[in-house]
Amino acid sequence: MDCIFCKIITGEIPSNIVYEDDQILAFHDIAPQAPVHVIVIPKQHIQSANEINEFNSPLIAKVFEAIPKIAKKCGLENGYRVITNIGEDGCQTVKHIHFHILGGKKMTEKMA
Ligand code: AMP
Ligand code: ZN
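Reference entry: report on the structure contained in this document.

A separate point is the sheet that holds strand β4 (residues 80–83). With antiparallel pairing, five strands are arranged side by side in an open sheet as β1-β2-β3-β5-β4. Of all the strands in the sheet, the pair left with one neighbour each is β1 (17–20) and β4. With strand direction ignored, the average angle separating the axes of adjacent strands in the sheet is 20 degrees. Bridge count for β4 against strand β5 (residues 99–103) is four bridges, and the pairing is antiparallel. The residue of β5 that forms the bridge with Y80 is G103. Packed onto the sheet, helix α2 (residues 57–73) meets β1, β2 (24–28), β3 (36–42), β4 and β5 and runs at close to 155 degrees relative to β3.

The coordination sphere of the zinc ion (ligand 2) contains the protein donors C3 (SG), C6 (SG), H45 (ND1) and H96 (ND1), at a distance range of 2.0 to 2.3 Å. Angles of 101 to 116 degrees at the metal separate the four donor atoms of the zinc ion (ligand 2), which places the site in the tetrahedral class. Its relative accessible area of 5% is what places C3 among the buried residues. Under the relative-accessibility criterion, H45 is labelled partly exposed at 27%.

Further remarks concern the environment of I8. Within the secondary structure, I8 is located in helix α1 (residues 4–10). Given the relative accessible area of 10%, I8 is considered buried.

Attention shifts here to the pattern of salt bridges. For the coordinates displayed, the defined rule picks out three salt bridges. K43 is the partner of E20 in a salt bridge, and the nearest nitrogen-oxygen pair spans 2.8 Å. Here E20, found in strand β1, pairs with K43, found in the loop between β3 and α2; they are 23 residues apart in sequence, far enough to count as distant. Overall, the relative accessible area of 43% leaves E20 in the partly exposed class. Salt-bridge contacts for E65 lead to K62; the nearest nitrogen and oxygen are separated by 3.8 Å.

Thresholds, definitions, all that
Residues numbered from 1 in each chain as written. Chains lettered and ligands numbered in written order. Predicted model: local features only at pLDDT ≥ 70, side-chain atom pairs only at ≥ 80, totals over all residues. Heavy atoms only, no water. Pairing = 2+ DSSP bridges. Helix = DSSP H or I, 4+ residues; strand = E, 2+ residues; numbered from the N terminus. Axes fitted to C-alpha atoms, helices over the stretch in contact; angles between N-to-C directions. Contact = heavy atoms within 4.5 Å. Donors = N, O, S within 2.8 Å, 3.2 Å for Na, K, Ca; no water. Tetrahedral: all angles 85-135°; square planar, octahedral: opposite > 155°, others 65-115°. Buried < 20%, exposed > 50% of the residue type's maximum accessible area, 1.4 Å probe, protein only. Salt bridge = Lys/Arg side-chain N within 4 Å of Asp/Glu carboxyl O.

Written as structure tokens, this is what we have:
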């Protein structure tokens, strides 16, 4: 499968890792849109949040358990934003479910 994030998981594509456990990987976004911009992914390839179901939702819960640990490690005590883009209208460019952690500044009130 030609998936950039699966290649990051295997190490075929290098990344700047922030957090890793047996099921989850987090790394700095290559084109940051905030002072802190980290991508959090499950190691299992799931296309997007639109493919979350009763079988894989425990893994997504693990992602959300990891997010506060990652935020703390990145010094985001004052808050942050978590975004997941889905499909064409959501402007999802990498078709492996991922959650953007954005912070290190006051975010804009408008979300879209
Ligand atoms: P999305 O547009 O929600 O699919 O987000 C994909 C994100 O992956 C973008 O913010 C890209 O900058 C980021 N990205 C793409 N390739 C890499 C890479 N090799 N290492 C780190 N981040 C990447
Ligand atoms: Zn993948």
